2 protein chains.
Amino acid sequence: MKRTKINDLLKAPAFGTIVNVKGWVRTRRGNKNVGFIALNDGSTINNIQIVVDMARFDEEQLKDVTTGACLSVDGELVESVGSGQAAEIQARQIEVLGKCDNTYPLQKKGHSMEFLREVAHLRPRTNTFGAVFRIRHNMAMAIHTFFHQKGFYYFHTPLITASDCEGAGQMFQVTTMNLYDLKKNEDGSIDYSKDFFGRQTSLTVSGQLEGELAATALGAIYTFGPTFRAENSNTPRHLAEFWMIEPEMAFYDIDDLTALEEEFIKYCVTWALEHCKDDLQFLNNMIDKGLLERLNSVVNTDFVRLPYTEGIRILEEAEKNGHKFEFPVYWGVDLASEHERYLVEEHFKKPVIMIDYPKEIKAFYMKQNDDGKTVQGTDVLFPQIGEIIGGSVREESYDKLMNRINELNIPMKDMWWYLDTRRYGTCPHAGFGLGFERLMLFVTGMANIRDVIPFPRTPKTAEF
Amino acid sequence: MKRTKINDLLKAPAFGTIVNVKGWVRTRRGNKNVGFIALNDGSTINNIQIVVDMARFDEEQLKDVTTGACLSVDGELVESVGSGQAAEIQARQIEVLGKCDNTYPLQKKGHSMEFLREVAHLRPRTNTFGAVFRIRHNMAMAIHTFFHQKGFYYFHTPLITASDCEGAGQMFQVTTMNLYDLKKNEDGSIDYSKDFFGRQTSLTVSGQLEGELAATALGAIYTFGPTFRAENSNTPRHLAEFWMIEPEMAFYDIDDLTALEEEFIKYCVTWALEHCKDDLQFLNNMIDKGLLERLNSVVNTDFVRLPYTEGIRILEEAEKNGHKFEFPVYWGVDLASEHERYLVEEHFKKPVIMIDYPKEIKAFYMKQNDDGKTVQGTDVLFPQIGEIIGGSVREESYDKLMNRINELNIPMKDMWWYLDTRRYGTCPHAGFGLGFERLMLFVTGMANIRDVIPFPRTPKTAEF
């Protein structure tokens, strides 16, 4: 008999038909007359209830129907009165495909997040992580669909790189050299000509620079791939390996850029609300009671555009009125989390896109404003999450870019190819970066970034 | 004035309206009365022709309109008689956004593929690579859409891994240790407790094993991410960094698996034929005259299912009839490219899915048939390309899997989590792997794998 996925079964139940379902036992209860098996196959957070007329089965047949066991069940799909679902299955035949003994780590419910991280190979079988990973899929699908509909091209920038220019953080070295027999040059330095790529290489911290190459050829592109930071940060917001989305658009100015940032996030959140109802409802009930309200609010709110200078004025005003900040507020300061939260959560009570930052606190490639002091950087600041997007118009003038590179003493020897975009038919362009797991934290309400990626990589942790 | 993308302009030209286009000069020609500028913005392979009434512009204004320069053009969209396009623009205003002098490497047409690899940062601006990368985007979109519609979940398996069990090839080591001051244990071995992850780590060669964890929880998943091989292979078919798609499905048997493989490839090729008409036509004209015919033929052909044993019989028969193979043919041999090509291109003249391989030439995790000799592996063999997909039903029996692991002496110390899938509620399941760039070679007709990925990583090459 052809198997039906539980998600399809529950969507439009054909009562009275004989169906086959396959999945894993979540719970089993009952008495000597009737048994109830909650079966889940991962296609949805909803279990299908299997009703077992004990007179039709002998106990020997059912002894292996335990939590975690894998079953194939044939039976009649009938309307349900008490199971919380519209449909249930009256079992005719039950086959145990895979037994599960009582050493199974997910026997009981209510494990801590810390414990579940230790069994990350099994946690997708729980309600919470099943929901999180189905939502993760949907957010990826939303992102690809959004850009595809807008005529952006998905562009794969390299993971292994010989550039270390952007300085976004410490990098992982990639090598095939025998560490027990490292060849040295005459001056004592390591002879990288013997390494796989003939030079020192690392894992990328950003695909932006290569993305700019593509945008100045294909018009509008986006990356969506893994990115790496070798930072020794043991926090609920940092991963050593995470996924980034980096769109880059020729002929976009700062208004086009902030409009795209806002439209993009709203599209993703709307997609979640439309495609992940059951999973979001579960997370709203069990993880974060304010989740659905917060998601709906973002979709229905115009984001504020706030020049940095105006932001500083508001914060100084707040201080005058008695609000205490731990860190100082003055023009030129890199805003602390408490400052951003005050603006977003207390002053505006809505998402804020801050623009026109002091050039000293932003990257060298950001477009310089005529005031000589600020650059066209944009940070999208969200309630609870803080910065969810960082972007900018890129400096397209070769001379201005080189001046800034020289001021900052950025090593550009490996960057001739980046400068060529400004040398040959340079064009105004802009782009932004979004940490996919930051978006996932916002959309799921999960508190720790290690719980929105299947197998988190953090200092001292590379299991599975 | 709001810019219109050339692709949108040409799709449904609103003749008589004033439009703005922005893009890069491909060619400029003309005489003292009229000039013609072919402008491309990357949104399509098609240029828009800008017609310049020289009486309305002085030469000083136009001197920077050179190949590669970036322009913003306002003008009236009019029907075209001679440009090969339905529409052209009568220029009213031309602004040079970015000049391009005659050191621009793409001045002339007809560069060799080898030269274009040296300027991989600029080659997306050529017709060929613009087409290839737009198709690459479309193939990625086809893949995500295919799996999304079938209820598969996109699952991100880790890139950095502490496992080295599959033995699919040599691996790149990932480290943050100071290579000038490596700490050693008492026995002289390197002290990896000081490394970032507290153990030796590498870049993954496959996400399959983690994918199986997800499939036995979410039902059906797919990966689509970068994969690495540190093999010193300088061939037109090997990359050190490439993208793989690896779906993994609970409750699939071998018939479900081969049906999915065939449906999947046909879906991707059909998508290309429907969404990439102009780019494919260009590649058919310029790169591979048989391309469109081959793509259409795959879509309209039933793939052969061929048991390995039957394949050997056919090859032996061919030898008897006088066909000469360089390598020997006998039951148990790992088929050479010439054998596969004979079956696909000469005997069946259609794609072949070979199944039921001798267990000795396939991986340990493949499901063992009852004959004790063969396993349920599947290779999809294509004309010209050879193996495009490798897959199998996975051995779900803990005992059989462990026997095979012991026979092969596979180090399983780091694989306890993989074995847990067989320990706790094991289920029949299957999966396959597709090298994205192999698919790209087939769909574009390009001859070298370095020309279907933006920035190829190969031995001694990690530029850009």
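Above this note sits the structure.
Residues numbered from 1 in each chain as written. Chains lettered and ligands numbered in written order. Predicted model: local features only at pLDDT ≥ 70, side-chain atom pairs only at ≥ 80, totals over all residues. Heavy atoms only, no water.

Caption draft 1: Structural detail: the interface of chain A and chain B. Between chain A and chain B, the residue contacts involve 118 residues of the former and 118 residues of the latter. With both sides pooled, the region where chain A packs onto chain B buries about 9300 Å², and carbon together with sulfur makes up 65% of that total. Together, A:His156, A:Phe251 and A:Tyr424 form the three largest contributors to the area buried by chain A at its contact with chain B, with a combined 9%. For the interface between chain A and chain B, the tally reads four salt bridges. (Contact = heavy atoms within 4.5 Å. Buried area = accessible area lost by both parts, 1.4 Å probe. Salt bridge = Lys/Arg side-chain N within 4 Å of Asp/Glu carboxyl O.)

Caption draft 2: Summary view of the packing of helix 5 (residues 208-218) of chain A against helix 12 (residues 416-423) of chain A. Residues and elements named next belong to chain A. Closest axis-to-axis distance for the helix 5/helix 12 pair is 10 Å, and the angle between their directions is 35°. Crossing of helix 5 over helix 12 shows left-handed handedness. Contacts from Gln-208, Leu-209, Glu-210, Glu-212, Leu-213 and Thr-216 in helix 5 reach Trp-417, Tyr-418, Thr-421 and Arg-422 in helix 12. Taken together, the residues that form the contact of helix 5 with helix 12 break down as four nonpolar, three polar and three charged. (Axes fitted to C-alpha atoms, helices over the stretch in contact; angles between N-to-C directions. Helix = DSSP H or I, 4+ residues; strand = E, 2+ residues; numbered from the N terminus. Left-handed = near helix turned anticlockwise from the far one by under 90°. Nonpolar A, V, L, I, M, F, W, Y, C, P; charged D, E, K, R; others polar.)

Caption draft 3: The arrangement of the pattern of salt bridges in detail. Residue and element names in this part refer to chain A. A full pass over the atoms with the stated rule returns 54 salt bridges over all chains. A salt bridge links Arg-117 to Asp-451; the nearest nitrogen and oxygen atoms lie 2.9 Å apart. With Arg-117 in helix 3 (residues 113-118) and Asp-451 in the segment after helix 13 (436-444), this pair connects stretches of sequence that are 334 residues apart. Of the two residues, Arg-117 and Asp-451, neither departs from the other in class, the shared state being buried. Where Glu-407 meets Arg-404, a salt bridge forms, and the shortest distance between an N and an O atom there is 2.4 Å. One end of the pair is Glu-407 and the other is Arg-404, both in helix 11 (residues 398-407) and three residues apart, which spans about a single turn. Relative accessible area serves as the criterion here: at 51%, Glu-407 is assigned to the exposed category. Taking relative accessible area as the criterion, Arg-404 reaches 6% and is therefore assigned buried. Through salt bridges with shared partners, a single network forms among Glu-60, Lys-63, Asp-64 and Lys-99. (Buried < 20%, exposed > 50% of the residue type's maximum accessible area, 1.4 Å probe, protein only.)

Interpretation note: all reported values are geometric properties and have no functional meaning in isolation.
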